[in-house]
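If you want the building blocks of each chain, they are given just below.
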Amino acid sequence: MNKTKIVFKRKVPIMRYVFGVAFFFMGVSWILTGNLFGMIFCGMSIFFFNRDGSEIDLKIEKYREFIELFGLRFGAWKDLPEIEYISVFSTTESAKVRALTAEATIKNDIIVLNLFYNGNHRIKAYATTDKEDAFKVAKQIAGILKIDILDATEGESKWL
């Protein structure tokens, strides 16, 4: 991991990739049979492969929220505001998977790192399922920015 760059990419459900591949091959097969409607399906399949996330470059003190498509990140860099503290807390992330008439909600326990500024404004810096990894990244950010860490992973919050 780069010591001055923190990158968070949201996990994408495997079914989303499956639908993307299916739409792509369906579109290609239609194009090969002479149906230009297949180009629409090929174009639509691209949107199943994108990921979103955030990136913080502590060296140049900038951050951005991005959309990643096939390894290329798109998003404008912004100046990092004066960060007051970093919060580490446990939460549940849910994703809905739909297929025709069925719908399922998948829930995952995750640990999120937020950078707080101007009172209650925040930047989502990182998310993981590993508590040790979360605190390692939080200490790295806190050390570079010289800020405090709020541990809100247990019932009662405490400053580290």
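Thresholds applied
- Residues numbered from 1 in each chain as written.
- Predicted model: local features only at pLDDT ≥ 70, side-chain atom pairs only at ≥ 80, totals over all residues.
- Heavy atoms only, no water.
- Helix = DSSP H or I, 4+ residues; strand = E, 2+ residues; numbered from the N terminus.
- Buried < 20%, exposed > 50% of the residue type's maximum accessible area, 1.4 Å probe, protein only.
- Polar contact = N/O pair within 3.5 Å; in protein donor to acceptor, adjacent residues only side chain to side chain.
- Contact = heavy atoms within 4.5 Å.
- Salt bridge = Lys/Arg side-chain N within 4 Å of Asp/Glu carboxyl O.

J.: Please clarify how the side chain of Asn50 should be interpreted in this entry.
T.: Along the chain, Asn50 falls in the loop between α2 (38-46) and β2 (51-57). Taking the relative accessible area as the measure of exposure, Asn50 reaches 18% and is therefore buried. For Asn50, the side chain forms a polar contact with the side chain of Arg16, separated by 2.2 Å. When near neighbours in sequence (up to four residues on either side) are disregarded, Asn50 contacts Val12, Arg16, Ile67, Glu68 and Leu69.

J.: Looking at this structure, how should I read unusual backbone geometry?
T.: Trans peptide bonds make up most of the peptide bonds, and negative phi angles are found at most residues other than glycine. With a phi close to 50°, Asn118 is a non-glycine residue in the positive phi region. A positive phi angle, close to 55°, is found at Lys146, a residue other than glycine. Within the secondary structure layout, Lys146 lies in the loop between α3 (131-145) and β9 (148-152). According to the relative accessible area criterion, Lys146 is exposed, its value standing at 72%.

J.: I would appreciate a short explanation of the pattern of salt bridges in the present structure.
T.: When their charged atoms lie close together, side chains carrying opposite charge are able to pair. Per the counting criterion, the structure on display carries 8 salt bridges. The partner of Glu55 in a salt bridge is Lys5, with the nearest N and O atoms 3.6 Å apart. Of this pair, Glu55 sits in strand β2 while Lys5 is found in strand β1 (residues 5-9), placing the two residues 50 residues apart along the sequence. In this structure Glu55 comes out as buried when scored by relative accessible area, which is 2%. We classify Lys5 as partly exposed; its relative accessible area is 28%.

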